Amino acid sequence: MTIQTVVVPDLGGAETVEVIELGLAPGDNVEVEDSLLVLESDKATMDIPSPATGVFTKYLVEEGATVSVGDPIAEIEVADEAVTEAPAEEAPAAVAEEAPAAEQAAPEVAASAPAAASELMVQVPDIGNDDKVDVIEICVAVGDEVSEGDTLVILESDKATMDIPSTHSGKVLKIVVAEGDKLGTGDDVALFEVTSGEEQPAPEASAPAPESSAEPAPQAVAPAPAPVAEAAPVAPAAAEKPAATESSAGADVYAGPAVRLLARELGVDLTQVSGTGPKGRIQKDDVSNFVKKVMKNKDSAAAPVSGGAGIPPIPAVDFSQFGEVEEVKLSKIQKLTAANMQRNWLNIPHVTQFDDADITEQEDFRKGLKAEGEKRGVRVTPVAFLIKALAATLQANPIFARSMGADGQHVVQKHYINIGMAVDTPRGLVVPVIKDVDQKGIWEISADIMDLAAKARDGKLTPAEMSGGCFTLSSLGAIGGNGFTPIVNAPEVGILGVSKSQIKPVWNGSEFVPRLMLPMALSYDHRVINGGDAGRFMTHLVKLLSDIRHLAL
């Protein structure tokens, strides 16, 4: 039997994920594809399957740990034949048999081999990104004694910061990078002097040394990126003195290890500190300035991290005084959704326009597709027609496929049409994205809806399947309601909310006739979209839904 180490597989775009569930005990039997543990990113949860059949030995991580692609997470005891053996040329069978004899023949030679010092260049491991990223912090100096796993430098991409750990223990001889340099996978970072205490083969020995005496070539280890998330608004706290310890919410703050260490030493809660670095990253000067401000104004409350809005906090209430209560912990998706919705509502000037679409003929046609859908194994829902009509409407009104630039001085026009659909799951609200909708027909869109909705319910969506949207559809469908005001899903500039269709009397010029009417609400970002744009968008969409023959034009 052999111990096989299981590592985090390709996560489809996520930089780091959190371990949220460990479901096995040592000694449990596992089959191929059995779930070992559950990981959760900012947008989805993922089961990590077993790569082999065997006996579960132990976990190498704990619940709440943050891991990335390539990190070891568990060990499984598997049959020897299930494990790939080392190449035969490295240790021929004949040599392997003779090696013990040679070792016994010259024990004095082996014992006298001194520990060898050598130089080793540490390089950037695979960071899951073809582009080079910036060096934002160097964490060691020449002459430092570094242990394996200690952080050497910190890299920053557009989405995350990454600690680059040392692959060996030793002394730093030279640092070959500087802050502001750009590095990619395989680039040199620092030159080390490492000491190997392993036995060295005697020069005069005719027999090859045992395989175990060969020093393995240095290998890059997977990075352990520092968690990064946007700082959610927090309630202001009394600032008579810095917080005694960094709060648990500090794990979601955009800051590097050196800054976090300084904050712990000074007793600063990083959730109360505003970052002035790139993309809002908290730097050492920010922590120092925060402490100075607190000491200078120790009789006043610390300013909340509210983006200058000055919104007063909601006072805490002890609900237990009114009856029995229970505290229910929010999932990570629910907490992120709450923070994102508040951010979007505060930053985007919302306007909502309402209209009804007559979908009587569309529904008759859709129901007529039931028999063919059963043969294809695809169920056509009203959402498929809505998404197809939205794609055509976005083509006719490309202003809705824009996003406001971060500097507020330009907009980005997208020349692709990807539409997200909000899905309600037990873990919270998620928005998988159907790509290139304008190039697909109703059957393809229906198949995508079935596939993504099933993954959403099972918690198997990847980050790649939840990104890249131009516009979002939020359909309450059969849940009910006459209408609602959806919140724009930034950085998009529009979202369509659809409620339950109802039979209503409609005047046709001579009499009232019963028609199936679909209530719709279009919310948009008034910084990019004006009322005229929204009116044209809704008019075009209503025309397509009321007579689907226009979709063929």
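The text that follows walks through the structure, step by step, so that each part is easy to find. Since we're looking at a predicted model, the values are computed, not measured.

**A few points about the environment of Val542**
Part 1: Relative to the helices and strands, Val542 resides in helix 10 (residues 531–546).
Part 2: Sequence separation of Val542 and Leu518 is 24 residues, and the distance between their C-alpha atoms is 9.5 Å.
Part 3: Val542 has contacts with Asp355, Asp356, Ala357 and Met520, leaving out every residue within four places of it along the chain.

**Section: a nonpolar patch on the surface**
Part 1: A cluster of nonpolar side chains, contributed by Val317, Phe319, Phe322 and Val325, occupies part of the molecular surface with about 440 Å² of accessible area.
Part 2: Checked against the element boundaries, Val325 lands in the loop between helix 4 (284–296) and helix 5 (332–347).
Part 3: In this structure Val325 comes out as partly exposed when scored by relative accessible area, which is 49%.

**Side note on the sheet that holds strand 1 (residues 2–7)**
Part 1: The antiparallel open sheet is built from four strands, whose spatial order is 1-8-6-3. Looking at which strands have only one partner, the edges of the open sheet turn out to be strand 1 and strand 3 (29–30).
Part 2: Where strand 1 and strand 8 (residues 72–78) come together, six bridges link them in antiparallel fashion. Pairing of Ile3 across the sheet is with Glu77, part of strand 8.

**Digging into unusual backbone geometry**
What you tend to see is this: most non-glycine residues have negative phi, and most peptide bonds are trans.
Part 1: A cis amide bond links Ala490 with the next residue in sequence, Pro491, at an omega value of 10 degrees.
Part 2: Counting through the fold element by element, Pro491 comes out in the loop between strand 24 (471–475) and strand 25 (494–498).
Part 3: The backbone of Glu33 shows a phi angle near 80 degrees, a positive value even though the residue is not glycine.
Part 4: With respect to the secondary-structure elements, Glu33 resides in the loop between strand 3 and strand 4 (35–40).

**What to know about the packing of helix 8 (residues 382–396) against helix 9 (residues 442–458)**
Part 1: Closest axis-to-axis distance for the helix 8/helix 9 pair is 9 Å, and the angle between their directions is 120 degrees. Seen along the crossing, helix 8 lies across helix 9 with a hand that is right-handed. Contacts between helix 8 and helix 9 involve Val383, Ala384, Phe385, Ile387 and Lys388 from the first element and Ile442, Ile445, Ser446 and Ile449 from the second.
Part 2: Residues of the contact of helix 8 with helix 9, tallied by class, amount to seven nonpolar, one polar and one charged.

**Quick look at the packing of aromatic side chains**
Part 1: The tally for this structure, following the rule as stated, stands at six aromatic pairs.
Part 2: Arranged with centres 4.5 Å apart and planes meeting at 55 degrees, the rings of Phe56 and Tyr59 form a pair that is tilted.
Part 3: Using a relative accessible area of 1% as the deciding quantity, one classes Phe56 as buried.
Part 4: The interplanar angle of 80 degrees and the centroid separation of 6.2 Å between the aromatic rings of Phe365 and Phe385 together place this pair among those described as edge-to-face.

**Quick word on the nonpolar core**
Part 1: Counting residues in hydrophobic clusters, the biggest one holds 51 residues, and the most contacted among them are Ile387, Phe400, Leu496, Met520, Leu522 and Leu545.
Part 2: Every element with two or more residues in this core is listed here: helix 8, strand 20 (419–421), helix 9, strand 24, strand 25, strand 27 (512–525) and helix 10.
Part 3: In terms of residue count, helix 8 provides more of this core than any other element does, eight residues in total.
Part 4: When sequence neighbours within four positions are dropped, the list of residues in contact with Phe400 reads Leu394, Cys470, Phe471, Val493, Gly494, Leu522, Tyr524, Ile529, Asp533, Ala534 and Phe537.
Part 5: Residues Leu11, Leu37, Ala52 and Phe56 belong to the second largest nonpolar core, which totals 20 residues.

The rules behind the values
- Within any chain, residue numbers begin from 1 and follow the written order of that chain's sequence.
- At least 70 in pLDDT is required for a residue's local features to be given in this predicted model, at least 80 for side-chain atom pairs to be given and counted, and no such filter applies to totals for whole chains, interfaces and linings, which use all residues.
- Calculated side-chain values reflect all of the structure's heavy atoms, with hydrogen atoms and water omitted.
- Helix and strand assignments come from DSSP, with helices taken as H or I runs of at least 4 residues and strands as E runs of at least 2, each series counted from the N terminus.
- Whether two residues touch is decided by their heavy atoms; if any such pair falls within 4.5 Å, the residues are in contact.
- Here the term patch refers to residues with relative accessible area over 30% and no salt bridge, with like charges joined within 9 Å and nonpolar side chains (Val, Leu, Ile, Met, Phe, Trp, Tyr) within 5 Å.
- Every accessible area reported is derived by Shrake-Rupley at a probe size of 1.4 Å, with residue values counting cover from the shown protein chains alone.
- A side-chain nitrogen of Lys or Arg and a carboxyl oxygen of Asp or Glu constitute a salt bridge if their distance falls within 4 Å.
- Accessible area is worked out with a 1.4 Å probe on protein chains only. A residue is then buried under 20% of its type maximum, exposed over 50%, and partly exposed in between.
- Following DSSP output, two strands are said to pair if at least two bridges run between them.
- Each axis is a line fitted through C-alpha atoms, taken for helices only over the stretch in contact, and angles between the N-to-C directions span 0 to 180 degrees.
- Crossing handedness: left-handed means the near helix sits turned counterclockwise from the far one by under a right angle, and right-handed means the same turn made clockwise.
- The nonpolar class holds Ala, Val, Leu, Ile, Met, Phe, Trp, Tyr, Cys and Pro. Asp, Glu, Lys and Arg form the charged class, and all remaining residues, Gly among them, are polar.
- A pair of Phe, Tyr and Trp rings is counted when the ring centres sit within 6.5 Å of each other, with Trp represented by its six-membered ring. The angle between the planes then sorts it: under 30 degrees is stacked, over 60 is edge-to-face, the rest tilted.
- Put simply, a nonpolar core is a bunch of buried Ala, Val, Leu, Ile, Met, Phe, Trp, Tyr and Cys residues held in one set by side-chain atoms that sit within 4.5 Å of each other.

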